[in-house]
Every structure is written in structure tokens, then in C-alpha cells.
Amino acid sequence: MNWEMNPGRRKFLQSLGCCVTIELIPNINFAYQPKVKQLAAAPAEVPLVLEFGPATEVWAYNGQVPGPLLRYQQGDTLRIELENLLEEPTTIHWHGLRVPVTMDGVPVVSQPAVPPGEKFRYEFVLEDAGTFWYHPHVSSSKQVGKGLRGVLIVDEKVPPEVNRDVLWVLDDWRLNQEAQIVPFSGNRHDASHNGRMGNVVTVNGNIGEEFTVYPGERMRLRLVNVSNARTFSLQFKPIIPWLIALDGHPVTPRKIDDEQVVLGAGQRADLIVDIPESPSESLPVIDHSFGSEFAYELMHLVFDSTQTYSSSVSAPAKLPANPVPAPNLHQAIKHKMVFEGGAMGGLSGAILNGTYLNMRELVERDKFWALNGMVPDDVLTDPPILTLKRGQSYIFELINRTAFEHPIHLHGHSVFVISANELPVEFPMIRDTILIAPNEKQEIAFVADNPGIWMFHCHVLEHQETGMTSMIAVI
Ligand SMILES: [Cu+2]
């Protein structure tokens, strides 16, 4: 078996054509979604490791990993019928989309989970343009980790001018020697450290690592990190891409020079990538997520000169803002959110169901993480940790007192990141998932404008399932 992550195998890879590309040529009608699209969640087999091993048994939407690319225009109504062909209940959560709570896919608070053999129809208006994704919110570590994840693109009414619109779905799998997913057995080491890290990284569902580019072309590259736990830190040098959106929301375009494009679990980034006119021998995309010592080549850009373009030199225009209400920082009510626990975290204990338990007692209950000194018993039925007033602005001070980074995700809202470690952020951004480094503090601000009970949790799914999750009510 030679499909595992080692540099040698790359030599054997052919041009894989593995990546979803969508030509953006004026006057071509996109195949937008039919009125109601069906998504069936079911077991399937997919060639994750290609010719290097057997097909991998997964759970998939419509037999595909990643699931079908859903594509709409801003303002469209999404209508999706989920059919559950698994042997356990499931739902779909629309990550990053500001939807009514009944469409949010969280069992109990949004909808009863869809039992095996049954269907559920999701229907809501797509208010925000951008790059989003979808996945279950039931037994998340297992159901998402077994392959139930797909991307949803909402096009701007006037998309930016590019030669190609390209999607890379970045994923991480823990496979055994037979290329099968290592069972999800509630691994306490994963849960108390940095989550379920895999040993195989895929882009758009297989380990292909060559991507064809055309001299002089301008690509919009949409990066989506759908992995359970892994953070990607991508470097495109010698290419210097423009960053144009984070978590679907536009940023003032800026060149990513010495910076890396960092994507915590659940996060997205949209880039404009200008390919040089003169083909060069080597254009690697390197992932530095475990530091330069463990850097590896995620993708190799290969030139095809049968098609050429005149390279763009102008800065891309800023995308039109989504209608996210701006918080009033002067009148905002502040709340501290202190994340604690995990290995090497020094947490001595926390309150569960009104009773203080020491760390040993928490670990016996598979609880490793606490928020503001509290650990949820059953987050779906526990009372919300906070009730916010609809229409009021809030500032959450997110404080990471653990030894690990955490991508913190708030449902139903998009938030303005306003400061990091007491300093105003250099580049303002609106996000739904905020990656907080160990000992870091970030402030986010938002208007609590979406009524309902919303999940607020770490998107390292093994952290989410062992205490790093809570509910926030907006009434
Ligand atoms: Cu976490």
C-alpha cells in the first residue's frame, strides 16, 4: 500500500483532473438548481486513494464525497429534500448561512432528527452570497467524518471577472492500511488533544495533487476546510494571491504575501489567483499546518499552454457586502467566553448540571472542555447558557485558556471580528467561525437579530462532542 502521505508517491501521480472547476464565461447559463433538489445520505464507496488502494467505504450525499456542489444565486430560495438512507438519524446544517432556526439542522432545537427511511425538506432564502458548506449535526464527529459534507456556493448578482471559478474542498481522513476509515470509537486522546487528525489529505475527494492551470489566467479559488479537526495553513509562493472573502463574506482585497492562508475546521477563504504568463517549472501549494518541519505539498500547479490568457494586473474589486447588520459597539453588551480544559490545560473541575465535578469525574463522563466553568450534560436539552435580546448588539470576548487552537462557530449569525489580544484587528472581517490560538483572546461583535436557540461550539468535532459546546438563545 503506497497511498499514504509520503513524498515518493507524488512522482507516480498523473494529471488527475480531480478538481471541480466552473468556467465563468459571459453569456453561459449556469445550471442552477432545479426547484427541489434531492440529497440522499447513504453508505457508498468512493476512490479516495485512487489507484493506490481499494475504494473506501464512506457515508455520502448522493454517493459523492464531497457531496454534490449546490449552487444558487443570491436571493434564490434553496429547496432541498434530505432522504435518510442511513441506519441512524441525521440532519443537515447549513454552515455559515443565516437561516431561520427551524432550518438550522440542530436536533431538538431546530427539528427532530430525521429517522432512517424518512425525509425532511429544507427551504429558505439565501440572503448572503459566498462560499458555504453543509453537513449533519448528529453524531458530528462520525457522520461528518465518514464523508457527509458538501459545498454550497451562492453567487453574487455580479460575480468578479475571472477566467475560472475553482473549488478545492480540503479534507482529512484517518484511514487504515486497507484504505478504510478507522472506526469512530470515542478516542479520548483525540478528544482531549487536537481532535481526530487524519493521515490522508484529499482535495475534492481524492488524493490527487496536480491541478492544471493556464498561463496568464485569473482564477477565483474557493477553499473550504471540511475536515473534523485539521487546520490548513497554505502558502502559494511564488504566486501571491489576493484574499477577497473569508467565511463567504467579502474583505477588502489584499495580497497574501508572506502570510499563509489559514483555514481552521469549518472555515473558508476565497482567493483571486493570478497565474504567471510564463510557465515555470514548479508551482507548489504547501501546507504548513504543523510547522515548516512537517510542511508537505498539498497541490502542484501544472501548466497547460494550449490555452493562454493575458494576465490581470489590476487589484480585484471588493465584492459587494452581504446584508449583515453592523453592531453598535458603543451600546454593545459584553460577555466573556472563557474556554478551558483539555490535555495540559490545567482545568481542575467544572460545573455539570449544577454540581461541581473535578477533572477526574468529568473525564469519567467523557467531558474534557468547559466554557465559563460549565460543562454541558446534554447540550440539546440543557438550558441556554445565555439569553440575548433580539436587535441588541453584543461583544463576546473569546478567551482560549487551553493548550490547543479552537475554531469557534456561532450558528444563525455572522460576526465582526474586532480585536485580537487587545489590539484592533488590522483587517476587518466578518466570519462565522473564529480560530483562536492557545492563550489568545479575540473580540467579536454582532447584532443578535435572528431569533431562536443557536449552537455556539468548537468545530473540532471531537471537542464539540466532549464539552466545548453550548446554546445561546435570542428572544
Ligand atoms: Cu476545540
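Residues numbered from 1 in each chain as written. Predicted model: local features only at pLDDT ≥ 70, side-chain atom pairs only at ≥ 80, totals over all residues.

Peer 1: Any chance you could break down the overall build of the protein chain for me, citing the residues and the numbers?
Peer 2: The helix and strand tally for the protein chain stands at five helices and 34 strands. Over its C-alpha trace the protein chain gives a radius of gyration of 22 Å, about what one expects of a compact globule, namely 23 Å for 475 residues. Referenced to the eigenvectors of the C-alpha coordinate spread, the extents of the protein chain come out at roughly 70 × 55 × 45 Å. Across the 475 residues of the protein chain, 46% fall into the buried class. Long-range pairs, those at least 24 residues apart, make up 78% of the contacts in the protein chain with a sequence separation of at least 6. (Helix = DSSP H or I, 4+ residues; strand = E, 2+ residues; numbered from the N terminus. Rg over C-alpha atoms; globule rule 2.2 N^0.38 Å. Buried ≥ 20, exposed ≤ 12 C-beta atoms within 10 Å, placed from the backbone. Contact = placed C-beta atoms within 7 Å.)

Peer 1: Report on the domain arrangement of the protein chain, specifying residues and quantitative values.
Peer 2: Domain boundaries assigned for the protein chain yield domain 1 (1-321) and domain 2 (333-474). Domain 1 and domain 2 are separated by 25 Å when their C-alpha centres are compared. Between domain 1 and domain 2, the contact holds 33 residues from the first and 34 residues from the second. The set of elements that each furnish at least two residues to the side of domain 1 that touches domain 2 consists of helix H2 (140-145), helix H3 (188-192) and strand S16 (249-255). The greatest single-element share of the side of domain 1 that touches domain 2, amounting to four residues, is contributed by H2. Split into classes, the residues belonging to the side of domain 1 that touches domain 2 amount to twelve nonpolar, 15 polar and six charged. (Domains from an automatic or database assignment. Nonpolar A, V, L, I, M, F, W, Y, C, P; charged D, E, K, R; others polar.)

Peer 1: Give me the sheet that holds strand S34 (residues 469-474): which residues, what numbers.
Peer 2: Taken in spatial order, the five strands make up an open sheet running S26-S34-S33-S28-S31, and their pairing is mixed. The open sheet is flanked by strand S26 (386-388) and strand S31 (433-436), the only strands paired with a single partner. Sheet twist, expressed as the mean angle between neighbouring strand axes with direction ignored, is 25 degrees. Relative to S31, strand S28 (residues 406-410) runs antiparallel, the two being bridged by four bridges. If you follow Ile408 over to S31, its bridge partner there is Ile434. (Pairing = 2+ DSSP bridges. Axes fitted to C-alpha atoms, helices over the stretch in contact; angles between N-to-C directions.)

Peer 1: Report on the pairing of strand S29 (residues 415-420), specifying residues and quantitative values.
Peer 2: Here S29 pairs with strand S30 (residues 423-431) via five bridges, running antiparallel. Its bridge partner being in S30, Val417 is matched across the sheet by Met429. Between S29 and the antiparallel strand that follows it, S30, lie two residues; Asn421 among them carries a positive phi value of about 50 degrees. Relative to strand S32 (residues 441-447), S29 runs antiparallel, the two being bridged by four bridges. When the sheet's bridge partners are listed, Val417 is paired in S32 with Ile444.

Peer 1: Can you tell me about the sheet that holds strand S14 (residues 232-235), naming the residues and giving the values?
Peer 2: Pairing in this open sheet of five strands is mixed, and the strands run S12-S20-S19-S14-S17 from one edge to the other. The sheet terminates laterally at strand S12 (210-213) and strand S17 (261-263), the two strands that pair on one side only. Put simply, the sheet's adjacent strands are angled 25 degrees from each other on average, direction ignored. Bridging between strand S19 (residues 283-287) and strand S20 (residues 296-303) involves five bridges; their strand directions are antiparallel. Among the inter-strand pairings, Ile286 is bridged to a residue of S20, identified as Glu297.

Peer 1: So what about unusual backbone geometry? Which residues, and what values?
Peer 2: Backbone torsion omega between Val65 and Pro66 reads -5 degrees, so that peptide bond is classified as cis. Of note, the phi angle at Ala179 is positive, near 60 degrees, even though the residue is not glycine. Classification of Ala179 by C-beta neighbours within 10 Å gives buried; the count is 21.

Peer 1: Before we move on, can you summarise the nonpolar core with the specific residues and values?
Peer 2: Grouped together as the largest cluster of nonpolar side chains are 116 residues, with contacts concentrated most on Leu152, Trp168, Val169, Leu170, Leu223, Ile244 and Leu271. If you tally residues by element for this core, the top one is strand S10 (residues 164-173), at six residues. Domain assignment of the residues forming this core places at least three in each of domain 1 (1-321) and domain 2 (333-474). Each residue touching Leu170, except ones within four places of it in the same chain, is listed here: Val203, Leu223, Val224, Asn225, Val226, Ser227, Phe232 and Leu263. (Core = buried A, V, L, I, M, F, W, Y, C linked by C-beta atoms within 7 Å.)

Peer 1: Outline the environment of Arg174, supporting the account with residue identities and numerical values.
Peer 2: Positionally, Arg174 belongs in the loop between S10 and H3. Judged by the 18 C-beta atoms lying within 10 Å of it, Arg174 falls in the partly exposed class. Setting aside residues no more than four positions away along its own chain, Arg174 makes contact with Ile181, Val182, Arg196, Gly198 and Asn199.

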